[in-house]
Structure formats: C-alpha cells, structure tokens
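Residues per chain are reported as follows:
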Amino acid sequence: MHGNTVAITGVGETPFLRKGTKTLIHMMADACLAAIADAGLTPADIDGYIGNRMVPGSDDMGYAIGMKDRAFSAVTDVAGGTAPAGQALILAQLAIEAGLCRHVLVPYGIQSTKPGGVYGFHAKEPLKAALEMPVGFFGQPTYFASMANRYAHDHGMSEEELASVAITYREWAVLNPNAQRREPMGLEEYRLSPMISTPLRAADCCLTTDGACAYVVSAVDRAADMPHPVVQVSGVGIGTNNFPHGVLFTQNPCTYEYPGVASAAKAYAMAGIGPEDLDLAQVYDGFSISALIQTEMLGLCGRGEGARFYHEGHARPGGRMPVNTSGGHLSGGYVPGINLLIEGVRQLRGGEGARQVPDARICAVSGLGGNSHSTTILTRS
C-alpha cells in the first residue's frame, strides 16, 4: 500500500448521550446519512461498505439508508478502536484501488447503556469467567488500573500527573459544543470523582455513551471535486500481539506494552514523516493511563515521560502538541476510535472555532484494541 491515494470525504455523527432513546441501527443510519450528505453524495452513490462484527451488518444498514448497489462489503475483525480507526481504512483503500467501488461507507455505533454495557465484551470469554471473575479481576477499569500501578512502579507517576490527562481532555471538551461532558474540571473536581479501581477514578474512565459515527472514503482524485478540503490517508499501520483477550490482561509480561510502537512505525514509514512533523494527535483514551502510554508510543514524548508531558501542559489548548481536541473518549464521547478519527478530519479541514488548532495539516490517530493497535496519519493536501 502507498499513502495519499484515498481521502476521507465525508463524516457524520449523532449526539453523544449518556442514555439515548433510539436503537443502535437507528443511530447508525442517522450517522451514515449525515456522513454521505457531508461528502456531497447520496446513498445511491455509496457502493462499498465496511462494517464491524459488533454492530448490525451491511444487509440491514444498506436497506435502512437506501443503498442501491453494494458492490463491495467487508467486516473488520480486530477489536476496539483498531477496527474503525485503522483496519477499515486499509480495507477501503484496497477495495478502491482494486476498482471494486468508488465510495466506501464505514459506520460504527455503540449502545453502552444496554444490559451489560461494555462489560459484556469480556464477560463472554470462558477463561475470564473460569479463572478471573471468581477472584474479582473483572471489568475494564480493573485491568487498566493494574497497568497504571505497574507504570507508576516502573517510571513514577503522581496523582497530579495522572489527573492531568483527564483534565487536559476536559479542557478541550469545554470548547466543543458537541461534547458529552463540558463542565470545567480542575484537580479539585477530579479528586471529587469517585474512585473506581485504584488509582483510576471515574474521570479516568471513558464515558458511557449511546451514539454512532460514520465516514466515507473516496479516491483522492475524486475527492478533489467534493465539497471539503482534501484530507488524505497518508499512512496506516497495525500492530498485534499473540495474546487472546481471555488471557491478555494477566499473562502479558508487561500489560501496558500495547502494540503501539509497531503500528506507529509502520504508519510513519508509509506517510514518509516522523512524530516531529505532527501538528496534533487523537489518542484512544479508553482510560487516562492507556492514553498516556500511547502518547509515548506515538513519539510525542519519550518513554516514561508521558505523565510529565501532560502535567506540563503540552497537550492542552495552546500547548505545543494538542491531543484529543474534541475531549476524546473521556469527555467528548465514547464511540470507540471512530469519533477520534472524525475529529482529526475536522481539525485538518479547519473551522472548528475555539478548539481549532492553528494551521493544522498533519494529525496522528491511534486506535487501541488491547491485543491490537492502529496508527493512522491524516494530512491536508
């Protein structure tokens, strides 16, 4: 694969709600129609579709939005944010380059308030049910709290430094009229947030969100005639490890060693740039600690320096390397990975008001799936 052959030409999302009233397929249809309209297209123009194994498939969605000729369809297989923020883009580019389709629609949605919520993903795993849940090692906050404690042991990290991640993203959310949580939060408010699994408070955990997002991928030469500035996919990389989710959080010798270094190296090489060329980044923040570690893996700071990077204000509005300018998953909304990618596109288009990063032209977007990780480099041509 080569960079700069496809572009993200349309983006759409529903409101991010703590508890919505619409079904998942209804929210996804709304997001799809918004993305198609944003690209200056109609549903009849969409001839490619890339779904996700966690949501309704192409037959249902194609009918719901009025697609006419679905010449290509595929399903991403990796978990979490890796799928919509990385793997789907690879599949879309391959399909377009092969001449199978012209415009590929990629939707994703989540209904976190359904029974079991996001906990249901791991609750289905037999090894966890047999060996981990009976002793209380269950639930994503517990997994990532263990990572935070290990990281603090290895590198040192104060409460104030960890808090600065969530506080930074909330500062961006205050500037975003579409963010789910917009009330200001400083260290005092952070400390009032309930402790969930030491050292992670509720403010360190991604939001509970009902919502959906979608984007359209087109060839760069077609994108030039479409409504928005061309935002190219310049690089995509995926890294994986050999642990299934059923044992990942206990058997990996260092649980915070995500495959992010590998994915970033691949994406930077494909794009022909390095981290020093970035203007901003969107980092998968299921939890404050995972975002901090991925910030290091993207090369925004040195290994072991992420806590100080955030505490010194580098990622905040006006900082030298803005991160999660929509508020991310901690404050903006949690539709895994895809709403971060959409925010990257919007920043490169320009016109995002108070949260707009001046002259933003190159953005990295990371997606975490636990045992998989994606890095995508977006550039404005």
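The following paragraphs examine the structure supplied in this document.

Analysis parameters
- Residues numbered from 1 in each chain as written.
- Predicted model: local features only at pLDDT ≥ 70, side-chain atom pairs only at ≥ 80, totals over all residues.
- Heavy atoms only, no water.
- Helix = DSSP H or I, 4+ residues; strand = E, 2+ residues; numbered from the N terminus.
- Buried < 20%, exposed > 50% of the residue type's maximum accessible area, 1.4 Å probe, protein only.
- Contact = heavy atoms within 4.5 Å.
- Areas by Shrake-Rupley, 256 points an atom, 1.4 Å probe, with all protein chains shown as cover.
- Lys, Arg positive; Asp, Glu negative; His and termini not counted.
- Charge placed at Lys NZ, Arg CZ, Asp CG, Glu CD.
- Core = buried A, V, L, I, M, F, W, Y, C linked by side-chain atoms within 4.5 Å.
- Phe/Tyr/Trp six-rings, centres within 6.5 Å; stacked < 30°, edge-to-face > 60°.
- Salt bridge = Lys/Arg side-chain N within 4 Å of Asp/Glu carboxyl O.
- Pairing = 2+ DSSP bridges.
- Polar contact = N/O pair within 3.5 Å; in protein donor to acceptor, adjacent residues only side chain to side chain.
- Expected span 1.5 Å × (residues − 1).
- Right-handed = clockwise from strand over helix to strand, strands pointing away.

## A closer look at the overall build of the protein chain
Okay, so step 1: When its secondary structure is counted, the protein chain shows 15 helices and 11 strands.
Okay, so step 2: For the protein chain, the spread of C-alpha atoms along the principal axes amounts to about 55 × 45 × 40 Å.
Okay, so step 3: Residues classed as buried in the protein chain amount to 61% of the 381 residues present.
Okay, so step 4: Of the contacts made within the protein chain by residues no fewer than 6 positions apart, 75% connect residues no fewer than 24 positions apart.
Okay, so step 5: Summed over its atoms, the accessible surface of the protein chain is roughly 14100 Å², and 54% of this surface lies on carbon and sulfur atoms.
Okay, so step 6: Across the protein chain, the mean location of the 27 positive side-chain charges is 4 Å away from that of the 35 negative side-chain charges.

## Section: helix α12 (residues 288–297)
Okay, so step 1: By the criterion of burial, α12 is predominantly enclosed, with 10 of the 10 residues buried.
Okay, so step 2: Among all positions in α12, only Ser288, Ile289, Ser290, Ala291, Leu292, Ile293, Gln294, Thr295, Glu296 and Met297 are buried.
Okay, so step 3: Of the residues flanking the end of α12, it is Gly299, one or two places downstream, whose phi is positive at about 85°.

## Thoughts on the nonpolar core
Okay, so step 1: Core analysis: the biggest nonpolar cluster contains 117 residues, and Phe144 and Tyr215 have the highest contact counts within it.
Okay, so step 2: Excluding its chain neighbours within four sequence positions, the residues that come into contact with Phe144 are Leu200, Phe249, Tyr258, Phe287, Ile289, Ser290 and Leu368.

## Notes on the packing of aromatic side chains
The description of two aromatic rings rests on the distance between their centres and on the angle between their planes.
Okay, so step 1: For the coordinates displayed, the defined rule picks out eight aromatic pairs.
Okay, so step 2: Look at Phe144 and Phe287: their rings are 4.5 Å apart centre to centre, the planes differ by 20°, and that puts the pair in the stacked class. On the criterion of sequence distance, the pair formed by Phe144 in helix α6 (residues 140–155) and Phe287 in the loop between β9 (280–282) and α12 is long-range, its members being 143 residues apart.
Okay, so step 3: Judged by relative accessible area, Phe144 falls into the buried class, the value being 8%.

## Examining the pattern of salt bridges
Okay, so step 1: Applying the stated rule across the entire model yields 17 salt bridges.
Okay, so step 2: Between Glu159 and Arg191 there is a salt bridge, with its nearest N and O atoms 3.0 Å apart. Placement of Glu159 in helix α7 (residues 159–174) and of Arg191 in helix α8 (residues 187–192) is noted, with a sequence separation of 32 residues between them.
Okay, so step 3: We classify Glu159 as partly exposed; its relative accessible area is 33%.
Okay, so step 4: Ionic pairing is found between Glu160 and Arg191, a salt bridge with its closest N-O pair at 2.8 Å. A residue pair is termed long-range when its members are at least 10 positions apart, and Glu160 in helix α7 and Arg191 in helix α8 qualify at 31 residues.
Okay, so step 5: Taken together, the shared-partner salt bridges in this structure form one network comprising Glu159, Glu160, Arg191 and Arg201.

## Some points on the pairing of strand β7 (residues 210–219)
Okay, so step 1: Burial analysis of β7 places 10 of its 10 residues in the buried class, which makes it a mostly covered element.
Okay, so step 2: Here seven bridges tie strand β1 (residues 6–13) to β7, and the two strands are oriented antiparallel to one another. From the neighbouring strand, Ile8 faces β7, where its bridge partner is Val217.

## Examining the side chain of Ser164
Okay, so step 1: Relative to the assigned elements, Ser164 resides in helix α7.
Okay, so step 2: Here Glu161 takes part through its backbone oxygen, which lies 2.5 Å from a polar atom of the side chain of Ser164.
Okay, so step 3: Setting aside residues up to four positions removed in sequence, Ser164 forms contacts with Ala307, Tyr310, His311 and Arg316.

## Here we look at helix α15 (residues 338–349)
Okay, so step 1: Here α15 contains 12 residues, and its C-alpha end-to-end distance of 17 Å stays within 8% of the 16 Å for a straight helix at 1.5 Å per residue.
Okay, so step 2: The element α15 is extensively covered by neighbouring structure, given that 12 of its 12 residues are classed as buried.
Okay, so step 3: Residues of α15 that are buried include every one of Ile338, Asn339, Leu340, Leu341, Ile342, Glu343, Gly344, Val345, Arg346, Gln347, Leu348 and Arg349, and no others.
Okay, so step 4: The first or second residue beyond α15 is Gly350, which carries a positive phi of 90°.

## Details of the pairing of strand β3 (residues 72–76)
Okay, so step 1: Here β3 shows a clear split, with Phe72, Ala74 and Thr76 buried on one side and none of Ser73 and Val75 buried on the other.
Okay, so step 2: Sheet topology places strand β2 (residues 48–52) next to β3; five bridges connect them, and they run parallel. Bridge pairing in β3 links Tyr49 to Ser73.
Okay, so step 3: Taken together, β2, helix α2 (residues 58–65) and β3 constitute a β-α-β crossover, and its handedness is right-handed.

## Details of the environment of Ile50
Okay, so step 1: Positionally, Ile50 belongs in strand β2.
Okay, so step 2: On the basis of relative accessibility, which here comes to 0%, the residue Ile50 falls in the buried class.
Okay, so step 3: Residues Ile50 and Val104, spaced 54 residues apart in sequence, show a C-alpha to C-alpha distance of 7.1 Å.
Okay, so step 4: Apart from the residues within four sequence positions on either side, Ile50 is in contact with Phe72, Ala74, Thr76, Ala88, Leu91, Ala92, Val104, Leu105, Val106 and Pro107.

## Topic: the environment of His329
Okay, so step 1: When you line up the elements, His329 lands in helix α14 (residues 328–332).
Okay, so step 2: The class of His329 is buried, set by a relative accessible area of 0%.
Okay, so step 3: Between the alpha carbons of His329 and Tyr284 there is a distance of 7.2 Å; along the sequence they are 45 residues apart.
Okay, so step 4: Within the local environment of His329, its side chain forms a polar contact with the backbone oxygen of Gly333, the two atoms lying 3.0 Å apart.

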